[in-house]
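Here is how the chains run, residue by residue.
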Amino acid sequence: MKLFSSVNDVTDINQLVNEALLHKQNPYAHQQLGKNRILGLIFLNPSLRTRLSTQKAALNLGMNVIVMNMDKEGWALEFNDGVVMNGTTVEHIREAAGVMGQYVDILGVRSFPGLVDREKDYSEEIFNKFVEFCGVPMVSLESATRHPLQSLADLVTIHELKTTARPKVVLTWAPHVKALPQAVPNSFAEWMCKADVQFVIAHPEGYALCDDFTGGATITHNQDEAINGADFIYVKNWSAYEPYGKVFGEHNDWMLTNQKLTLTNNAKVMHCLPVRRNLELSAEVLDGPNSLVVHEAGNRVWAAQAVLKQMLQAL
Ligand code: SN0
């Protein structure tokens with residue numbers, strides 16, 4: 001694999017999931033594969049899990065890792081061609097990405113959407129320019145519209161803990177105080193639509209995701225109906241796709257509680273984290289026996305390791 005930016009870059013998702021679980025059983029089996037190989041991780045936005053789990057995955061494979069918080073420590077990047085750079089941007093993506101490619105064998109980039117210009121965000125302009133100019137294989141650490149390492153870890157977690165062959169998995173919108181990207185729910189939907197699960201999405205009116213990502217899912221505005229009999233509930237806030245990046249209404253009753261869990265098949269509760277307690281998800285659920293959030297974050301290592309292994313093998 002030379003590019004990992006969405007589920008469409010994966011030839012066989014079941015094989016990738018199984019490979020992640022093999023790494024979990026035997027983390028150091030491929031320590032020679034990454035010897036003398038360097039992974040570069042570039043962050044244009046904050047990160048906890050992605051940064052640490054991807055580093056750990058690379059170390060398990062024998063790689064060395066270099067990390068840069070480009071937003072805080074780098075020069076301000078220019079992404080447009082043909083501009084006179086007499087303003088605040090200092091370095092063009094053409095040179096910056098090209099130089100990064102000189103130093104690393106595989107490059108990871110995190111770049112959130114601006115949530116202002118939908119066409120710009122959904123064209124994945126920033127991530128694609130890194131791909132175009134760095135000249136080395138690239139992995140997404142969350143781009144404007146997707147978070148594939150998270151979604152793979154989510155699928156690994158569901159596969160690992162399911163008790164029926166085809167579990168009911170519900171993605172539910174949750175309240176928040178900010179406008180958040182659609183990347184995590186888009187990506188989760190895209191992966192679940194390709195997985196062997198019964199997939200339902202619940203959100204208040206006005207929060208429909210872009211249907212490029214949700215084809216095959218059952219979509220409802222009734223959360224209680226959606227979570228009825230659910231085996232897994234994936235909690236996430238997102239801002240509207242139309243009107244783009246907007247938030248409206250309070251919808252505080254969309255926060256998952258123990259009372260709501262009684263409707264489910266003792267559902268396991270997932271969230272990509274960071275989560276805002278008692279806003280997005282109640283503390284009673286987070287601290288209760290149904291929460292998988294920390295376990296799920298642990299699986300980020302094995303998902304990243306499965307992806308990096310396939311990328312190292314293609315070098
Ligand atoms: C990001 C998001 O895409 O929703 C990253 C998730 C992995 N989350 C946030 O930006 C949360 C910010 C906040 O203020 O709660």
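If you're wondering where the values come from, they're calculated on a predicted model, not measured in any experiment.

Colleague: I'm lost on the overall build of the protein in this one. Help?
Modeller: When helices and strands are tallied, the protein shows 12 helices and 12 strands. Its C-alpha radius of gyration of 19 Å places the protein within 12% of the 20 Å reference for a compact globule of 315 residues. Principal-axis analysis of the C-alpha atoms places the extent of the protein at approximately 55 × 50 × 30 Å. Out of the 315 residues in the protein, the part that is buried amounts to 57%.

Colleague: Would you take a moment to explain a nonpolar patch on the surface for this structure?
Modeller: On the surface, Ile 66, Val 99 and Tyr 103 cluster together to form a nonpolar patch covering roughly 290 Å² of accessible area. Assignment of secondary structure puts Val 99 in helix H4 (residues 93-103).

Colleague: Explain the packing of helix H1 (residues 13-25) against helix H7 (residues 148-161) here, please?
Modeller: In helix packing, the relevant descriptors are the interaxial angle and the interaxial distance, both defined with respect to the helix axes. Interhelical geometry of H1 versus H7 gives an angle of 75° and a closest axis separation of 10 Å. Taken together, the axes of H1 and H7 are roughly perpendicular relative to one another. The segment H1 lies against H7, with Ile 13, Leu 16, Val 17, Asn 18, Ala 20, Leu 21 and Lys 24 engaging Leu 152, Leu 155, Val 156, His 159 and Glu 160. When grouped by side-chain class, the residues that make up the contact of H1 with H7 number eight nonpolar, two polar and two charged.

Colleague: Would you mind showing me how to read H7 here?
Modeller: For an α-helix, 3.6 residues make a turn, and residues three or four places apart therefore share a direction. An ideal rise of 1.5 Å per residue puts 20 Å on 14 residues; H7 measures up with 20 Å between its terminal C-alpha atoms. Within H7, 11 of the 14 residues are buried, leaving the element largely enclosed by the surrounding structure. Buried within H7 are the following residues: Pro 148, Leu 149, Gln 150, Ser 151, Leu 152, Ala 153, Asp 154, Leu 155, Val 156, Thr 157 and Ile 158.

Colleague: Mind showing me how you'd approach the sheet that holds strand E6 (residues 106-110) here?
Modeller: Backbone-to-backbone hydrogen bonds join strands into a sheet, with any given pair of strands oriented parallel or antiparallel. Strands sit in the order E1-E7-E6-E2-E3 across an open sheet of five strands; the sheet is parallel. Edge positions in the sheet fall to strand E1 (3-4) and strand E3 (64-69), since each has one partner strand and no second. Where strand E2 (residues 38-43) and E6 come together, five bridges link them in parallel fashion. Looking at the pairing, Gly 40 lines up with Leu 107 of E6. Here helix H2 (residues 49-60) sits on the sheet in contact with E2, E3 and E6, set at roughly 175° to E2.

Colleague: Would you mind going over the domain arrangement of the protein with me for this structure?
Modeller: Interface size is often expressed as the accessible area that is lost when the parts come together. Per the domain assignment, the segments of the protein are domain 1 (3-146 + 300-314) and domain 2 (148-297). The C-alpha centroid of domain 2 is placed 25 Å from the C-alpha centroid of domain 1. Facing 35 residues of domain 1, the contacting portion of domain 2 comprises 34 residues. The largest per-residue losses of area from domain 1 upon contact with domain 2 belong to Leu 115, Arg 118 and Arg 300, which jointly make up 25% of the total buried on that side. For the interface between domain 1 and domain 2, the tally reads three salt bridges.

Colleague: Help me out: how do you make sense of the nonpolar core in this one?
Modeller: If you look at soluble globular proteins, the nonpolar side chains tend to sit buried side by side. In terms of nonpolar packing, the biggest core is built from 75 residues, with Phe 4, Trp 191, Phe 199 and Val 307 touching the most fellow members. Residue assignment places this core across two domains, with domain 1 (3-146 + 300-314) and domain 2 (148-297) each supplying three or more. Setting aside residues up to four positions removed in sequence, Trp 191 forms contacts with Phe 4, Val 7, Val 10, Ile 13, Leu 16, Pro 148, Ser 151, Leu 152 and Leu 155.

Colleague: When you look at the sheet that holds strand E12 (residues 268-270) in this model, what are you seeing that I'm missing?
Modeller: Here we have five strands laid out as an open sheet, ordered E10-E9-E8-E11-E12, and parallel in their pairing. Only two strands of the sheet have a single neighbouring strand rather than two, namely strand E10 (218-220) and E12. Shown here is a sheet whose adjacent strand axes are inclined to one another by a mean of 20°, direction ignored. The sheet contacts of helix H8 (residues 183-194) involve strand E8 (168-173), strand E9 (198-202) and strand E11 (232-236), and relative to E9 the element is tilted by about 155°.

Rules behind the numbers
Residues numbered from 1 in each chain as written. Predicted model: local features only at pLDDT ≥ 70, side-chain atom pairs only at ≥ 80, totals over all residues. Heavy atoms only, no water. Helix = DSSP H or I, 4+ residues; strand = E, 2+ residues; numbered from the N terminus. Rg over C-alpha atoms; globule rule 2.2 N^0.38 Å. Buried < 20%, exposed > 50% of the residue type's maximum accessible area, 1.4 Å probe, protein only. Patch = residues over 30% accessible without salt bridge, like charges linked within 9 Å, V, L, I, M, F, W, Y side chains within 5 Å. Areas by Shrake-Rupley, 256 points an atom, 1.4 Å probe, with all protein chains shown as cover. Salt bridge = Lys/Arg side-chain N within 4 Å of Asp/Glu carboxyl O. Axes fitted to C-alpha atoms, helices over the stretch in contact; angles between N-to-C directions. Parallel < 35°, antiparallel > 145°, perpendicular 65-115°, else oblique. Contact = heavy atoms within 4.5 Å. Nonpolar A, V, L, I, M, F, W, Y, C, P; charged D, E, K, R; others polar. Expected span 1.5 Å × (residues − 1). Pairing = 2+ DSSP bridges. Domains from an automatic or database assignment. Buried area = accessible area lost by both parts, 1.4 Å probe. Core = buried A, V, L, I, M, F, W, Y, C linked by side-chain atoms within 4.5 Å.

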